[in-house]
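Working through the structure, step by step
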Amino acid sequence: MHSYRVKLLAYTLALLVLLVASLGFTYRYVYALIDEEGRQHLAAMATLLHSHLEAERLDDLRNAKIVARYPRVGEYLFAVVEIGTEPEPLRILYEREFRWMPADRFLILSRDNRILVGDDAADLALQVRNARHRRPEGTFYFYNRRGLQHVAYAPIYYQNRFLGTAAIGRVLDRRWLREQPQNRNGVLFLSYGGRIIDSARTALAGLPIDDGATTVEGAAHRYRLTRLQLLPAVGDVPVLWLGLDETALRDRLDRHRRIIFLIAGSSALVILLFGLLIIRQFTRPLSELVAITREVAEGRLPELPKSTRQDEIAVLANHFADMLQALRRKEEEVAQARAELQKTATTDSLTGLYNRRHLGEVFPKLLARARRQGSSLFGILIDLDKFKPINDTHGHICGDRVLERFAARLREHSRANDYLFRMGGEEFLVLTETGDRAGVVALAEKLRQAMATLRVACNGQTLGFTISCGVSEADPRLDTTASLRDMLSRADAALYRAKQSGRNRVCVDGEAPCKPIEPDADTG
Amino acid sequence: MLNRHPHLLRLLLFMPLCLVSPLRADPADKPAPPIVGAGAHFAWVIFNELKPELERASGRHLELHGRHSALGMGCSAGLKNAARHSPMNETFGFVCCAIDDAELARRGLVLHPLAREPLLILVNAANPVRNLGTEQVRAIFRGTIRNWREVGGPDQPIVVVTRLHCKQRPGHWKRILPRAEDFRRDRIDVASAEEMVRKLDDFRWAIGHLGATWAFRPEDRVRALTIDGHAPTAANLAAGRYPFYRQLGAVVRADARGDVLKVISAVEQSRALRKVARKYELLPLTGKRP
């Protein structure tokens, strides 16, 4: 039974483990899914940003070309470069015509490297001068004390003569970082020399970072990183990073985990309850069956109430109850048969009194009890006087009837705790336990008198008879067998004396003479 | 029978009335299309100033194009517009050049000279030079004089700004130098009068030329020089003291008839033209000289 319950419990636990494992797998799968989604999101953002950077680059180049190809610029530059007039009109023209351009720095560099338009633009002019040696027009990134800058430049021609270069520059500062498409979970920042120098979120500025970093942490946020190329670059330029805030990702995962834990907990509870219910449903009837079989094995046949259920265990229990009922009936029959047999073995079939064999069984018990209680066990040996003539004269049927009536009268006048035996033929024994020897003698006398007045009708005649009694006390010092033999022997001797004394009298062992016959008594 | 059927009589009398019903439209009632004039800004100014008077004289609405020579307007546009003339679509053109007879004949047009316009020699208002000699002007535009210092000004290079349009026609800037090749090569050649003003405004040491009828704005920082001590006025033109000028006129198809000729005739005979001439220092070439 325990193993069965353990198995059920094991199955339930296995189910729980399976559930937790599947939910764990689900969590891992969701984690992987969200992780992959984050990766793809970052890649998509990087692609978008790349496109945006490229679009900005081309926008800058287009704006530089707009400046360079604007006819008045050529004319004005011509006036400055070829005619040698002052560059102020060029600056005025620039202010008037190109103030709208989304640029932080402007430069018109003459072909002889004079800065004609552009305040404090020596650094920009140097870079443009070098760049236009490589290509007449183009874009590049460079970095100096002003920060990271993107520059686009284009040549200015007038009347097919190269006069100079128009350049526009944008400083890629924090404002620029914030304006880039990076959505709410993303962040752009610049690193240089192993340290974040500027960021769309101030919390990241100043944090250390190496070139191969994949994540960076700051201000309770963790960012997954991808590196964006700033090309073409002149000299050593900062690295542009795009970070995707993993905190939001983690929050989502935590939310998933909490949901999964909730599902797992509630499911486990439900499974456990179902498991316990199943265990209870299966094991209780089985336990009852096992207990009953144990009782049966121990020799008892308990009552097993029948179940109204129709499941297999209930049907089995009902069958078992039927079987127990049948066994009980059989046992009762056996007990009855045994009782009958016992009765037959221990009683005399004619008189219903115990037979001599039963005397051997009960005597030790009675003697032992007498010993325990400090009393004595007395035997009254009774013999019907002149019984043989009754048989011979009136037949055995009448003799048997006399014996039956004798036994009935004996039962009537003996005490409830007295044992009555037919020792054989017309000889009987009364065993009585008492401490009163005189009482025993009185009992014997009472029996003698009762028998003397008894009349038995047989074959139209009325028969009477008397009895002779020999009384002796069992010797408790002897063992039971010897004591019985001794008691019977001495009772028989007393009986013999009563017979010898004239019958119809009571003789007590060790006392002489025998008790005389009462005057009203008949003789047998 | 008619006496016995008065209704029939009335019916017979009514039928001829139906034939002359006013339900039929009269073509004369349809409004006439406007007479369209187009061309150079400088002659447009004259027609635009006289427009109400000309419309009264011709009984037609006038539609004039040419302000600031915008939308591709110019002498060539004036010639093309005049050539498009038809009885149902009457047109004429404005020109700022003295179109020669050969071109007029080739195009089937007739030129009606209206006025002579001084050609202003303009400099930036900040330029201290106030007067140049005729030859100095020519030398500057030729490039033989390249610094204001040479004409009494500051030591600054001279930026020459030109608008050498109508190159195949006589007059105009050719009063300065007869051929485009004669102008200095390192000059700024602009495409419009407006751009000319803008350049002269921007470059303090520039010099350019422009017709007197140009509508200068108050904020334009340009100034006209006197030439040989003579201002660009109609009087100096009439006296031959101011050397640079051009001819403004109108062109119509040679076979043109009708109201467009009334318009041209009204301009030529208008007293109001005198008023316009005084306003822009023009020398009228029709009727009595002012």
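Heads up: the structure comes first, above all this text.
Residues numbered from 1 in each chain as written. Chains lettered and ligands numbered in written order. Predicted model: local features only at pLDDT ≥ 70, side-chain atom pairs only at ≥ 80, totals over all residues. Heavy atoms only, no water.

With that settled, consider the state of the cysteines. Residue and element names in this part refer to chain A. Under the defined criterion, the tally for this structure stands at two disulfides over all chains. Through a disulfide, Cys 398 is tied to Cys 458; the S-S separation comes to 1.5 Å. One quick way to see it: the torsion about the S-S bond of Cys 398 and Cys 458 is about -85°, and its sign makes the bridge left-handed. In this pair, Cys 398 sits in helix 9 (residues 387-413) while Cys 458 sits in strand 15 (residues 455-458), placing the two residues 60 residues apart along the sequence. Overall, Cys 398 belongs to the buried group, its relative accessible area being 0%. Note on cysteine connectivity: Cys 507 is disulfide-linked to Cys 514, with sulfurs 1.4 Å apart. Note on the Cys 507 and Cys 514 pair: the S-S dihedral is about 100°, so by sign convention the disulfide is right-handed. Taking relative accessible area as the criterion, Cys 507 reaches 0% and is therefore assigned buried. By relative accessible area, which is 10% here, Cys 514 ends up buried. (Disulfide = S-S within 2.5 Å. Helix = DSSP H or I, 4+ residues; strand = E, 2+ residues; numbered from the N terminus. Buried < 20%, exposed > 50% of the residue type's maximum accessible area, 1.4 Å probe, protein only.)

Here we come to the interface of chain B and chain A. The accessible area lost on association of the parts is a frequent measure of interface size. In this assembly, 17 residues from chain B lie in contact with 16 residues from chain A. At the junction of chain B with chain A, the criterion picks out five salt bridges. Salt-bridge contacts for B:Arg204 lead to A:Glu86; the nearest nitrogen and oxygen are separated by 3.0 Å. Put simply, chain B and chain A have five residue pairs in polar contact (both at pLDDT 80 or more) between them. Secondary-structure elements contributing two or more residues to the side of chain B that touches chain A are strand 7 (188-189) and helix 6 (193-202) of chain B. The element contributing the most residues to the side of chain B that touches chain A is helix 6 of chain B, with four residues. In the side of chain B that touches chain A, the residues fall into seven nonpolar, no polar and 10 charged. (Contact = heavy atoms within 4.5 Å. Salt bridge = Lys/Arg side-chain N within 4 Å of Asp/Glu carboxyl O. Polar contact = N/O pair within 3.5 Å; in protein donor to acceptor, adjacent residues only side chain to side chain. Nonpolar A, V, L, I, M, F, W, Y, C, P; charged D, E, K, R; others polar.)

Now for the sheet that holds strand 12 (residues 376-384) of chain A. All names here are of chain A. One open sheet holds the six strands; their spatial order is 11-13-14-12-17-18, and the pairing between them is mixed. In this open sheet, the two strands that pair with only one neighbour each are strand 11 (354-355) and strand 18 (506-508). Inspection of the sheet shows strand 13 (residues 419-424) paired to strand 14 (residues 427-434) by five bridges, in the antiparallel sense. Note that in strand 14 the partner of Leu 420 across the bridge is Val 430. Along the sheet, helix 9 contacts strand 12, strand 13, strand 14 and strand 17 (467-473); its crossing angle with strand 12, the most-contacted strand, is approximately 150°. (Pairing = 2+ DSSP bridges. Axes fitted to C-alpha atoms, helices over the stretch in contact; angles between N-to-C directions.)

Right, let's talk about the nonpolar core for a bit. Counting residues in hydrophobic clusters, the biggest one holds 88 residues, and the most contacted among them are A:Ile108, B:Ile46, B:Phe47, B:Phe92 and B:Ile188. Counting residues in each nonpolar core, the second largest holds 32 residues, with A:Val440, A:Leu447, A:Leu454 and A:Val508 among its members. (Core = buried A, V, L, I, M, F, W, Y, C linked by side-chain atoms within 4.5 Å.)

With respect to the secondary-structure elements, A:Ser489 resides in helix 11 (residues 480-500). Accessibility expressed as a relative area gives 45% for A:Ser489, which makes it partly exposed.

All names here are of chain A. Residues Tyr 4, Val 270, Phe 274, Leu 277, Ile 278 and Phe 282 make up a contiguous nonpolar surface patch of roughly 520 Å² in combined accessible area. Take the nonpolar patch: its biggest share by element is five residues, from helix 6 (residues 246-297). Within the secondary structure, Ile 278 sits in helix 6. You can call Ile 278 partly exposed: its relative accessible area is 39%. (Patch = residues over 30% accessible without salt bridge, like charges linked within 9 Å, V, L, I, M, F, W, Y side chains within 5 Å. Areas by Shrake-Rupley, 256 points an atom, 1.4 Å probe, with all protein chains shown as cover.)

Residues and elements named next belong to chain A. Applying the stated criterion across every chain yields a total of 22 aromatic pairs over all chains. Seen in terms of ring centroids, Phe 140 and Phe 142 are 6.0 Å apart; in terms of plane orientation they differ by 50°. Their pairing is tilted. Classification of Phe 140 as buried rests on a relative accessible area of 2%. Aromatic pair Phe 140 and Tyr 153: ring centres 6.0 Å apart, planes at 55°, arrangement tilted. One end of the pair, Phe 140, is in strand 3 (residues 138-144); the other, Tyr 153, is in strand 4 (residues 147-158), and 13 residues separate them in sequence. In this structure, Phe 140 and Tyr 153 share a single accessibility class: buried. Aromatic ring contacts, followed pair by pair, group Tyr 70, Tyr 94, Phe 98 and Phe 106 into a single cluster. (Phe/Tyr/Trp six-rings, centres within 6.5 Å; stacked < 30°, edge-to-face > 60°.)

The next point concerns helix 8 (residues 259-269) of chain B. Residue pairs three or four apart in sequence face the same way in an α-helix, which turns once every 3.6 residues. Looking at helix 8 of chain B, one finds that the buried residues are B:Asp259, B:Val260, B:Val263, B:Ile264, B:Ala266 and B:Val267. With its buried residues spanning 160° around the axis, helix 8 of chain B presents them on a single face. (Arc of directions from axis to C-beta.)

Time to look at unusual backbone geometry. Residues and elements named next belong to chain A. A cis geometry characterises the amide bond from Leu 231 onward to Pro 232, with omega recorded as -10°. Position of Pro 232 relative to the elements: it lies in the loop between strand 9 (221-228) and strand 10 (239-245). One non-glycine residue, Lys 386, lies in the positive phi region at around 50°. On the secondary structure map, Lys 386 appears in the loop between strand 12 and helix 9. Its relative accessible area of 44% is what places Lys 386 among the partly exposed residues.

For the rest of this paragraph, the subject is empty space enclosed by the protein. All names here are of chain B. What the rule picks out here adds up to one cavity of 30 Å³ or more. In this structure, the largest cavity encloses a volume near 50 Å³. At three residues, strand 8 (residues 206-211) tops the list of elements feeding residues into the lining of the largest cavity. Counted by class, the lining of the largest cavity contains three nonpolar, four polar and two charged residues. (1 Å grid on protein atoms, 1.4 Å probe; cavity = no way out; pocket = protein on both sides within 12 Å on 5 of 7 lines; lining within 4 Å. Points joined across faces, edges and corners; volume = space filled by probe spheres on them.)

Residue and element names in this part refer to chain B. Axis separation between helix 2 (residues 41-58) and helix 8 bottoms out at 9 Å; the angle between their running directions is 125°. Considering the angle they form, helix 2 stands oblique to helix 8. Both helix 2 and helix 8 take part in a crossing whose hand is right-handed. Note on element contacts: helix 8 touches helix 2 through Asp 259, Lys 262, Val 263, Ile 264, Ala 266 and Val 267, opposite Ile 46, Phe 47, Leu 50, Leu 54, Ala 57 and Ser 58. Its residues assigned to classes, the contact of helix 2 with helix 8 comprises nine nonpolar, one polar and two charged. (Parallel < 35°, antiparallel > 145°, perpendicular 65-115°, else oblique. Left-handed = near helix turned anticlockwise from the far one by under 90°.)

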